[in-house]
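# What the coordinates show
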Amino acid sequence: MSEKNPVKTVADKIVDVMHAGPAEGPEEGIPGKPAPLSPQLVEPTTPVEPLPPKADQDGPETVSPTGQPTGAEQARMAQSGAYLTTAQGVRMPDTDHSLKAGPRGPVLLQDHHLREKIMHFDHERIPERVVHARGTAAHGVFQSYGTGQTVTKAAFLAPDVETPVFVRFSTVLGSRGSADTVRDTRGFATKFYTEEGVFDLVGNNIPVFFIQDAIKFPDIIHAAKPHPDREIPQAQSAHDTFWDFVSLHTEATHHTLWNMSDRGIPRSYRMMEGFGVHTFRLVNAEGVTTLVKWHWKPKLGVHSLVWEEAQILAGVDPDFHRRDLYDAIESGAFPQWELGIQTFPDTDDQMFEGIDLLDATKIVPEELAPVKPVGLLTLNANPSNFFAEVEQVAFHTGHLVPGIDATDDPLLAGRMFSYLDTQLTRLGGPNFPQIPINRTHAPVNDMLRDGFHQTAVHRGVAPYKPNSLDGGCPFFAGADTGAFIEVPVEVPAGRKVREAPASYDDPPPVRPVDARRFHLHRRHPGGDGQPDGQAGDGVRMFASQALVVQQLDDHGAPRGSMAELPPSPTHRPSASGAPAPRPGPRCRRRFFRRRRQEHRPARPARWYRAPATARLQPPRRRT
């Protein structure tokens, strides 16, 4: 073969590269690099210790199961040693072949390495969350401005206090393997590791919820999850069972409008607002109480995708939101949010400007109660192990600290019960607070003992009170020593009933019978033929409230409560009761832009609003 043979020349170059040491590859400095060093093209054979994490990665603080700082490096919690071992630390010469009676003989029962390896693999998966299964998270720090000190004695909101945090973003309906850019509500949960204990602010990117009472939570989730007969559509909030529920359940209308607006498909987790949804009660050092709603305001502003972009991204990169967050942090573009509060007087009726503050389906317009910034959140480190941190983190609305208390919101009351209950199966028992990512940074002396996965080694003989054998320890704390003391709110006398207060009522923006007709006529012969799971169905359902959706899209928040919004000028009925005209050109472009992609575009449905005899007319095909 000639020395100038181009094939041989290329082959020689490949051999030279393969035998060269590690070199700076083209991925250096580009986010998403899988390891801190560029790998060789041949398998390394020289034993080395485990590589350190990448510069952008961090892990849980090294505290003991009882909240004591250990002073140990985070590497102490990771794998160690240069050689392969069993779980018991016994070094192994091979892990590619089972122990057999001869090369072609049967596998021997005494192969303990095979048994251990397969057993652990068979149990690596844990039950995914019933809701919020698909998510991602990051480490960060919260810097308090001190402006919240006038309304709460919570130590982490004192001036210039820095608190480590772990923040998890998620979709609600999809499974762990679903796409990021689906139309859905997003979770925005923050774990504050304060010096007084863990405070979890477990919210969403939408300020209201579908229901007012937690007893209906299984119903809305069953309706919104994939159909039980075929397990489709996956991670979609707009399909038959969903529309069936919300068309009969008008208290879901407000959340549905937000969900079907641009807020349902955010551009990035970094460009997404967060809300505590519920009303909480703050207590200051003087014992004065204030009702508040929590808000997260992104420094990058609020941005969303359009429907076509979301669909394309779900196919091209189902991990788009995860990748966007991780790459931004690795690049040093740390996302930031300001934490703010809306404050309201703590009156006996817990109302503000005619709005029931205990109703999770209503907002308080920021024009009536401005959001006051109290601190800055910065996410500055990615997880070093997704399962250990993102999957095992356990949030709970009942994780409160002195100065922050719950209210009588019935939806919040159900969450206070459910969040603990769900961890028992998912994390294998009651000791999930001892998992490193869940460990508090405050001392723990709880008298809780034993149970699955107990990792603390408790001392003493008297985990009960009163006792004298352990010197009386633990002792009760008082208000002057940082105890969490519930606010002694007076509970009005009443009967045991299964009812909602009259203040929970709200004039529906679309009469229930009209919404129901829409659901029943969606599959009318000659109808629009829209596939399930797309936003157009929901927008047409509430077409008579186009102004609300337009305000959500244009300004990020409605200008008033649902009851206060004026009817859209393009939908005002005539004095004769004639049908209301269709939305104007701008609304049609916004609502039906995806019709351009269809082979047989359809006209929007016609709506009648005022007359009792109003009926939905099926949409007509263009000829």
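Structure's up top.
Now for a quick tour of the structure. These numbers come from a predicted model, not from an experiment.

Here is what the cut-offs are and how they apply
- Residues numbered from 1 in each chain as written.
- Predicted model: local features only at pLDDT ≥ 70, side-chain atom pairs only at ≥ 80, totals over all residues.
- Heavy atoms only, no water.
- Helix = DSSP H or I, 4+ residues; strand = E, 2+ residues; numbered from the N terminus.
- Contact = heavy atoms within 4.5 Å.
- Areas by Shrake-Rupley, 256 points an atom, 1.4 Å probe, with all protein chains shown as cover.
- Patch = residues over 30% accessible without salt bridge, like charges linked within 9 Å, V, L, I, M, F, W, Y side chains within 5 Å.
- Salt bridge = Lys/Arg side-chain N within 4 Å of Asp/Glu carboxyl O.
- Buried < 20%, exposed > 50% of the residue type's maximum accessible area, 1.4 Å probe, protein only.
- 1 Å grid on protein atoms, 1.4 Å probe; cavity = no way out; pocket = protein on both sides within 12 Å on 5 of 7 lines; lining within 4 Å.
- Points joined across faces, edges and corners; volume = space filled by probe spheres on them.
- Nonpolar A, V, L, I, M, F, W, Y, C, P; charged D, E, K, R; others polar.
- Phe/Tyr/Trp six-rings, centres within 6.5 Å; stacked < 30°, edge-to-face > 60°.
- Pairing = 2+ DSSP bridges.

In terms of helices and strands, the chain carries 13 helices and 13 strands. A sequence separation of at least 24 residues applies to 70% of the contacts in the chain between residues at least 6 apart. Counting only carbon and sulfur atoms, one obtains 56% of the accessible surface of the chain, whose full area is about 32,700 Å².

What follows concerns a nonpolar patch on the surface. On the surface, Val461, Tyr464 and Leu469 cluster together into a nonpolar patch covering about 330 Å² of accessible area. Relative to the helices and strands, Val461 is located in the loop between α9 (410-426) and α10 (512-521). On the accessibility criterion, Val461 (56% relative accessible area) is exposed.

What follows is about the environment of Ala442. Take Ala442: it is sitting in the loop between α9 and α10. For Ala442, a relative accessible area of 8% corresponds to the buried category. For Ala442, the contacting residues outside a window of four places in its chain are Thr66, Gly67, Thr194, Glu195, Glu196 and Gly197.

We now examine the pattern of salt bridges. One pass over the structure, following the stated rule, counts 14 salt bridges. Between Glu330 and Lys54 there is a salt bridge, with its nearest N and O atoms 3.3 Å apart. Taken together, the residues span a long stretch of sequence, with Glu330 in helix α7 (residues 320-330) and Lys54 in the loop between α1 (6-19) and β1 (57-58) at a distance of 276 residues. The exposure class of Glu330 is partly exposed, given its relative accessible area of 26%.

This model, assessed by the stated rule, comprises six cavities of 30 Å³ or more. Taken as a whole, the second largest cavity encloses approximately 90 Å³ of empty space. In terms of lining, the second largest cavity is formed by Val172, Leu173, Asp184, Thr185, Phe209, Phe210, Ile220, Ile221, Ala224, Ser237, Phe242 and Asn259. No other element matches the three residues that helix α3 (residues 217-224) contributes to the lining of the second largest cavity. Here the residues of the lining of the second largest cavity sort into eight nonpolar, three polar and one charged.

Once that is clear, we can look at the layout of surface pockets. Estimates place the volume of the second largest pocket at around 1,400 Å³. Around the second largest pocket, the lining is made up of 44 residues, and of these Thr440, Pro443, Val444, Asn445 and Asp446 lie nearest the centre. Listing elements by their share of the lining of the second largest pocket, those giving two or more residues are β5 (197-204) and α9. Among the residues forming the lining of the second largest pocket, the class breakdown is 23 nonpolar, 14 polar and seven charged.

Taken as a whole and judged by the stated rule, the model has 18 aromatic pairs. With a centroid separation of 5.6 Å and an interplanar angle of 35°, the aromatic rings of Phe156 and Phe199 are classed as tilted. Of this pair, Phe156 sits in the loop between β2 (135-144) and β3 (162-171) while Phe199 is found in strand β5, placing the two residues 43 residues apart along the sequence. Residue Phe156 shares its accessibility class with Phe199, and that shared class is buried. Ring plane angle 10° and centroid distance 6.3 Å describe the contact between Phe192 and Trp296, whose orientation is recorded as stacked. Highlighted residues: Phe192 in strand β4 (residues 186-194) and Trp296 in strand β8 (residues 289-298), separated in sequence by 104 residues. As far as the burial class goes, Phe192 and Trp296 line up, both buried.

Turning next to the pairing of strand β9 (residues 336-345). In terms of burial, β9 is largely enclosed, as seven of its 10 residues are buried. Relative to β9, β8 runs antiparallel, the two being bridged by nine bridges. The residue bridging Thr290 from the neighbouring strand is Pro345, located in β9.

What follows is about unusual backbone geometry. The linkage connecting Ile232 with the following residue, Pro233, adopts the cis geometry, with an omega of -5°. By the secondary structure assignment, Pro233 is in the loop between α3 and α4 (240-248). Here Cys473 and Pro474 are connected by a cis peptide whose omega angle stands at 5°. Looking at where Pro474 falls in the secondary structure, it is placed in the loop between α9 and α10. Its identity as a non-glycine residue notwithstanding, Val277 has a phi of 70°, on the positive side.

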